[in-house]
Amino acid sequence: MTSDVAAPRTPVPFPDRDVVVGLVVNPVAGLGGAAGLKGSDGEQVQREALARGATPRAGERAARAVRALLARRPGTRVVTVPGSMGELSARDAGAPCALVRPSPSSSADPGSAGATTARDTRQAVVALADVDLLLFAGGDGTARDVLDAVRELGDQAPPVLGIPAGVKVYSGCFAVSPAAAGFLAAGYASGLRHGPGTADAGTVEAEVVDLDEERYRQGLVSPRLYGSLRVPAARAALSGRKAGSSGVVPASVEGIAREVVARMRPGVRYVLGPGATTQAVGRELGLTTTLLGVDVVEADDGGVLVAGDVSEAELFALVTGREAVVVLSVIGGQGFVLGRGNQQVSPRVIDAVIGCGGATGRRLLVLATPQKLAALRGRPLLADSGDEDLDRKLSGHVQVITGYRESTIYQICTASEEFHG
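Attention in this report is confined to the structure presented alongside it.

The rules behind each value
- Residues numbered from 1 in each chain as written.
- Predicted model: local features only at pLDDT ≥ 70, side-chain atom pairs only at ≥ 80, totals over all residues.
- Heavy atoms only, no water.
- Pairing = 2+ DSSP bridges.
- Helix = DSSP H or I, 4+ residues; strand = E, 2+ residues; numbered from the N terminus.
- Axes fitted to C-alpha atoms, helices over the stretch in contact; angles between N-to-C directions.
- Contact = heavy atoms within 4.5 Å.
- Core = buried A, V, L, I, M, F, W, Y, C linked by side-chain atoms within 4.5 Å.
- Buried < 20%, exposed > 50% of the residue type's maximum accessible area, 1.4 Å probe, protein only.
- Salt bridge = Lys/Arg side-chain N within 4 Å of Asp/Glu carboxyl O.
- Parallel < 35°, antiparallel > 145°, perpendicular 65-115°, else oblique.
- Left-handed = near helix turned anticlockwise from the far one by under 90°.
- Phe/Tyr/Trp six-rings, centres within 6.5 Å; stacked < 30°, edge-to-face > 60°.
- Lys NZ or Arg CZ within 6 Å of the ring centre and 35° of its normal.

### So, the sheet that holds strand β2 (residues 77-80)
Across the sheet, five strands lie side by side as β3-β2-β1-β4-β5; this open sheet has parallel pairing. In this open sheet, the two strands that pair with only one neighbour each are β3 (97-99) and β5 (160-164). Neighbouring strand axes in the sheet, compared pairwise and without regard to direction, differ in orientation by 30 degrees on average. Of the pairings in the sheet, the one linking β2 to β3 comprises three bridges and is parallel in character. Paired with Val78 across the bridge in β3 is Cys97. Against the sheet, helix α3 (residues 58-72) makes contact with β1 (20-25), β2, β4 (133-138) and β5, and its axis sits at roughly 165 degrees relative to β1, the strand it touches most. The sheet strands contacting helix α6 (residues 140-153) are β4 and β5, and the helix crosses β4 at an angle near 150 degrees.

What follows is the structure, encoded as structure tokens:
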């Protein structure tokens, strides 16, 4: 454990305090998603993402969570750190907030846009140790940094809750969406107000998953359990840990791939999202496609790889003005179809695909093995594209291809509305 997080703690500036919610934002979280970099860890990756036209989105997602918190519980007091690590998001949400400054030994100025490190995150968590609940916006790497700081604080650490803003978000300590994080925080705060021990103020342990991003970019997915964080108890609002695919019957995946290829039409571009199931579609076409990237193929002459492992900007150019179909698989254990690991398939890409005509259901093919759907235990599929209007447009029921000549109708809804807290 590094000692750099042992900064002096500053008392939260609300002497007549009601419930106080803290906020920490990792402003570079999620930066590598749309750029096709499959993660955002490391200064070099972040520079490359910006060079590819990526724009930070963690601050906006944090603001959305704070708006939901204030909508459900007006007047909730928010305390955060200066600049892009919290202050800008709180003010964007209209929250009157108090500021606590992390250790002056911090390597970066948290007031500058984007120039922050894991160390800054850890120091911000320590500086906000006196809050009743700490919201943090980021991905799995941010959750790991928060857990490091929580371990340093020991029994004095507050419960925390993740606002999903990363590329993958495999850990179970995140809410299903920014709005769900705000609603859940409001419920937890109200429970505390009525007395610790009330149903709304309960907490549970949620897993933090560590992932080697460099190996991940090479197609080697080897997540390991890093630890757990104490989060507000509300199963319906938590995303849960991503489930592995070890229980999937290979024949099911191959059957799905055969069915997708049987439906393909010449002259149409097919956008294959990340995942083993979509990669099997490429294999069925005789193509080598990526496991964790987004590829564009056509069925002409048996199968053509138009472009592999594309960024959001490249994908938008490839589908604009062309008839195209997006093919996405479901994330096991979580149910996400959009917004986790496939940010290249952005709202404007979906709009461009749908805009070429035809029913939305014909422009979006959803793939899942029967085992994946059964594991959801009736919970809906989720869309968290970053555009709530688009997510609502996609909500309803979709046909899910589950095998060769096999499909089922399944509910899909926006992650912001899945939790009604």
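### Looking at the nonpolar core
Formed by 73 residues in total, the largest nonpolar core has its most connected members in Leu23, Leu128, Phe136, Val160, Ile163, Cys173 and Leu229. Per element, the largest residue contribution to this core is eight residues, and it comes from helix α7 (residues 178-193). Those residues in contact with Leu128, other than ones at most four positions away along the chain, are Leu23, Val24, Val79, Thr80, Val81, Val100, Leu134 and Pro158. Grouped together as the second largest cluster of nonpolar side chains are 33 residues, Ile354, Leu364, Ala368 and Leu373 included.

### Overview of the pattern of salt bridges
This model, assessed by the stated rule, comprises 22 salt bridges. Residues Arg61 and Asp384 are paired through a salt bridge, measuring 2.6 Å at the closest nitrogen-oxygen approach. Taken together, the residues span a long stretch of sequence, with Arg61 in helix α3 and Asp384 in the loop between β14 (381-383) and α15 (388-394) at a distance of 323 residues. With respect to class, Arg61 is no different from Asp384; both count as buried. Residue Asp389 pairs with Arg392 through a salt bridge whose shortest N-O separation is 3.0 Å. One end of the pair, Asp389, and the other, Arg392, are both in helix α15, three residues apart, so they sit about a helical turn from each other. Taking the relative accessible area as the measure of exposure, Asp389 reaches 57% and is therefore exposed.

### Some details on the packing of helix α5 (residues 118-127) against α6
Following both chains from N to C, one finds α5 and α6 inclined at 45 degrees, their axes separated by 8 Å at the closest point. With respect to α6, the element α5 is oriented oblique. Like other packed secondary-structure pairs, α5 and α6 cross with a definite hand, here right-handed. Of the residues in α6, those in contact with Ala118, Thr121, Arg122, Val125 and Val126 of α5 are Thr142, Asp145, Val146, Asp148, Ala149 and Leu153.

### Focus: the pairing of strand β9 (residues 295-298)
Residues Asp295 and Val297 of β9 are buried on one face, and the alternating residues Val296 and Glu298, pointing to the opposite face, are buried as well. For strand β8 (residues 269-272) and β9, the ladder comprises four bridges, and the chain directions are antiparallel. Considered in β9, the bridge of Arg269 is made with Glu298. As defined by bridge partners, β9 adjoins strand β10 (residues 304-307) across three bridges and the pair is classed as antiparallel. Counted as the bridge partner of Val296 is Ala307 from β10. Adjacent in sequence and paired antiparallel, β9 and β10 are bridged by five residues, among which Asp301 carries a positive phi angle near 55 degrees.

### Quick notes on the packing of aromatic side chains
If you walk through the whole model with that rule in mind, you get one aromatic pair. Over the aromatic face of Tyr226 sits the side chain of Arg151, whose NZ or CZ is 5.0 Å from the ring centroid.

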